[in-house]
Amino acid sequence: MKNFTLFAFLLFSISNFAQVKGTISDENGNPLPFVSVFEENTYNSTTSNEQGRYQLNIKEIGKNKIIFQFLGFKTQKLTITNITSTSYTLDVKLQEENFTLNEVIINPKDNPANDIIKSAIANKKENAEKTGRYTADFYSKGLFKIKDLPKKIMGLKVDIGEEMASNLDSTGTGVLYLSETISKITFEKPNNLKENIIASKISGNNKGFSYNTASLSTYDFYNNTLKFGVNMISPIADNAFNYYKYKLEGTFFDENNKEINKIKIIPKRDKEPVFEGYIYIIDDSFAIYAVDLDIKGYRIKNEITQIMNLKQSFSYNSKNKLWAKNAQSLSFTAGAFGVQFTGKFNYVYTNYEFPESFEKKTFSNEIVSFEANANKKDDLYWNTIRPIPLTIEESSDYIKKDSLQTIRTSRKYTDSIDAKNNKFNFFDIILGHLHKNTFGKHSFKYNGLFDLTALSFNTVQGFNIGTGFSYKKWNEEKGNETSISTAINYGFSDERLRATGEFKHTFNHQNYATIIASGGTKVKQFNSSEPISSFINSVSSLFFKDNYMKIYNLEFAQLAYYQNIANGITLNGKITYEQRKPLFNTTDYSFFNKDDLYSSNNPLAPNDFINSPFEKHHLVKATLTTRINFGNKYISRPDGKYNVKNQKYPTLYLSYEKALAASEKKYEFDHLTTAIRYDLALGNKGLLGINIKAGKFFNAENIAFIDYKHFNGNQTHIGQANSYLNVFNLLPYYSNSTNDSYFEIHMEHNDNGYIMNKIPLLNKLKSTLNIGFHSLEIPNTKPYSEFTIGLDNLGFGKFRMFRVDYVHSYQNGIKQNGVVFGLKFLTILE
């Protein structure tokens, strides 16, 4: 009896379920992509693919009214009453919309489009609140392609790996990434979101989990700004008339006899963070009916991106009188060095529910979670639930890559690829070599004798080179990783070989518990923050005979451990034995200015070549540091927990350092520090970065100069960082070092083009304006202050990695002025 009941239930379920599918085209037979297809007065919807094919799952068979809605074409409503099987074919031809526009005289004082937009702005809060709280089913599909990938770029061979290269044809064209996601989302304005991913699929990777999520694809034009790297101004923002002009292109009536206004969006200034295209506004409620807007790459300070297009469509439910977004697409083209990239992401929202409220514990800091075996769903599941049919290209990509995956993950295949790549040749002695066992999940790397990242010059070692060895073993399923490495350095002038070694083990990718044991001998800057890089110091010394880097010899043994102890809270502890020895200049070599003298290696006395700022000694240091990200969000994936910083709140750092067991009691001390780092978004007016630090030494009257608090100065006039929130741009490196209390503040506002985009001629630079303030206070010394103003995002064509700042500093009645040139590409060389 139970079996009969179950059979009857399944039979009833099947008999009341059908899939309507077909092709949508124009009157000439051309397929129409991104056509919204939905049942009348329901939130059951889909959209057509690039070939005009669609499929809509009908849950209850009866007198079903299917609506086909596409911008520029007449909305068509078809009634189906003769569904007799689970698959019903319905091909549709749409006719072009006849837009009407009453004859009016358009002038700046009497523009009908302006009145419509003003009404849309006045009603947007009410319209946003109507759908400001909901649950829905969500589907996304992402496709990323490459075209014309050359064999070489600027004379260098392009190596994208054996597996990736096999996806491309002879012209360097093919699909690089294809994935799909099915999830259930719960949302409440302004930013409460919970997403449970039910199914995830990546072409050619049955162990992967797609990154396509609702949280990364929520674009709400009822908000004043939309985030695309920079804050783009919504066409119906409160201040939209400062950025846009509007033109009423025409009106038409939808299937519910509601009048829709098609309004052209025209930017007032080309370089502003603005959209252009069309927005469709419903005449009575002034809600959004659809958008079709372009985003140019230079407007979002992304020169690699050429153009993006964002489309959204909304459907009406007469039962609850709500317009809700049912489909969205985001496509883009990008390129550099002649290589073209294209991508398209399609999204479908179905089965909306609009509760009046949610329970208090509905939302938490976990914003995305995955069901067990989300990436194990078979083809039958996907073919049944997938709302957008696959194109021929997408189907072929799945078949090809999924069939090849079994081969590529086999030991025979991975061993053959490794054998090819692991072949050792003579030049590997100089350039380095990587020996990898993919199946065994371990690798060995030799850095080579000519490791450019380890080649430098300083006045203690002279020219020095380095190499190193490393061994790594990993396990993706368990999320652990172990590495053993050593770094070797030889100075030709002081004729000394130094070496360090490190063992590191990460236990998992949930709390990222990690233990590190290291030790050896190396040279180290007095300021452990290393304010001057080896590369900059080498150039400064060899070309200008300015040796700003001051170093000492460190022999050490260290044990460290860190992990995330709670959501947003990371704890880091370490204990270190250190033996410090002073070092002296051993060379006077330079390329130019050979008659000039280098300064000594004594940061306290640049002209003292005999005495050192400290005596040889040893001690033990114990340090405990915690980082707290307030309001931290996170994504729970089967392969790890990924933190997502909540930009509304600052990050707090607390640290306690104790020196003990020293060779002399005077070297022992206690040191407390705290810091607050905050990036405050100011809407479309840019970003205000704040970094406040303070600290206090105890029992530190006679400690070694090494252990003083040293502040990050800059005497080279070269900047490398993206922002200058941890540096004093004209401060000599060790002029204000202290073993007492200190307080420093750094503030920098980047306007993201808010001001620069409005200045004629200067806006052609496509730059951003930076205004900064830096201040340092220590006992018995007047404060050091800096004011900066400069331009960022400077460069040529697509490559904008330069910055220039004018700096004015003041301390003890002494004023200084200077220019700092930002060369952000130098971080690649370090």
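Caption draft 1: Layout of the side chain of Ser-183. Within the element layout of this structure, Ser-183 appears in strand β12 (residues 174–188). Within the local environment of Ser-183, its side chain forms a polar contact with the side chain of Glu-195, the two groups lying 2.8 Å apart. Ignoring any residue separated from it by four or fewer positions in sequence, one finds Ser-183 in contact with Ala-136, Asp-137, Phe-138, Glu-195, Asn-196, Ile-197 and Ile-198.

Caption draft 2: Spotlight on the side chain of Asn-729. Following the sequence through the fold, Asn-729 ends up in the loop between β39 (718–719) and β40 (742–750). Setting aside chain neighbours within four positions, we find Asn-729 in contact with Asn-714, Tyr-724, His-774, Glu-786, Thr-788, Val-807 and Val-820.

Caption draft 3: Broad picture of empty space enclosed by the protein. Tallied over the entire structure, the rule returns two cavities of 30 Å³ or more. Of the pockets and cavities examined, the largest cavity occupies roughly 70 Å³. Taken together, Phe-34, Ser-36, Gln-69, Phe-70, Leu-71, Tyr-289, Ala-290, Lys-311, Gln-312 and Ser-313 make up the lining of the largest cavity. Mapped by element, the contributors of at least two residues to the lining of the largest cavity are β19 (288–296) and β20 (305–317). Element by element, the count of residues in the lining of the largest cavity is highest for β20, at three residues.

Caption draft 4: Seen up close, the sheet that holds strand β5 (residues 64–69). Taken in spatial order, the four strands line up as β3-β2-β5-β6 in an open sheet, and their pairing is antiparallel. Edge strands, defined here as strands with exactly one partner in the open sheet, are β3 (45–47) and β6 (76–80). The average undirected angle you get between the axes of adjacent strands in this sheet is 20 degrees. Here β5 pairs with β6 via five bridges, running antiparallel. Bridging across to β6, Ile-67 finds its partner in Lys-77.

Caption draft 5: Inspection of unusual backbone geometry at higher detail. Here the amide bond leading from Lys-189 into Pro-190 is cis, since omega sits at 5 degrees, within 30 degrees of zero. By secondary structure assignment, the location of Pro-190 is in the loop between β12 and β13 (192–202). In this model, Lys-301 sits at a positive phi of 60 degrees, which is unusual for a non-glycine residue. Residue classification places Lys-301 among the buried positions, given a relative accessible area of 18%. In this model, Asn-793 sits at a positive phi of 60 degrees, which is unusual for a non-glycine residue. Mapped onto the elements of the fold, Asn-793 is located in strand β42 (residues 784–796).

Caption draft 6: How the structure looks around the pattern of salt bridges. Taken as a whole and judged by the stated rule, the model has 44 salt bridges. Asp-238 is the partner of Lys-124 in a salt bridge, and the nearest nitrogen-oxygen pair spans 3.2 Å. Of this pair, Lys-124 sits in helix α2 (residues 112–130) while Asp-238 sits in the loop between β15 (230–233) and β16 (244–253), and the two are 114 residues apart along the sequence. The salt bridge involving Asp-588 is made with Lys-545; its shortest N-O contact spans 3.3 Å. Highlighted residues: Asp-588 in the loop between β32 (569–581) and β33 (617–629) and Lys-545 in the loop between α8 (534–544) and β31 (551–566), separated in sequence by 43 residues. For Asp-588, a relative accessible area of 39% translates into the label partly exposed. Lys-545 gets classed as buried once you look at its relative accessible area, which sits at 3%. Here the salt bridges do not stand alone but share partners, grouping Asp-270, Lys-271, Glu-276, Lys-296 and Arg-299 into one network.

Rules of the game
- Residues numbered from 1 in each chain as written.
- Predicted model: local features only at pLDDT ≥ 70, side-chain atom pairs only at ≥ 80, totals over all residues.
- Heavy atoms only, no water.
- Helix = DSSP H or I, 4+ residues; strand = E, 2+ residues; numbered from the N terminus.
- Polar contact = N/O pair within 3.5 Å; in protein donor to acceptor, adjacent residues only side chain to side chain.
- Contact = heavy atoms within 4.5 Å.
- 1 Å grid on protein atoms, 1.4 Å probe; cavity = no way out; pocket = protein on both sides within 12 Å on 5 of 7 lines; lining within 4 Å.
- Points joined across faces, edges and corners; volume = space filled by probe spheres on them.
- Pairing = 2+ DSSP bridges.
- Axes fitted to C-alpha atoms, helices over the stretch in contact; angles between N-to-C directions.
- Buried < 20%, exposed > 50% of the residue type's maximum accessible area, 1.4 Å probe, protein only.
- Salt bridge = Lys/Arg side-chain N within 4 Å of Asp/Glu carboxyl O.

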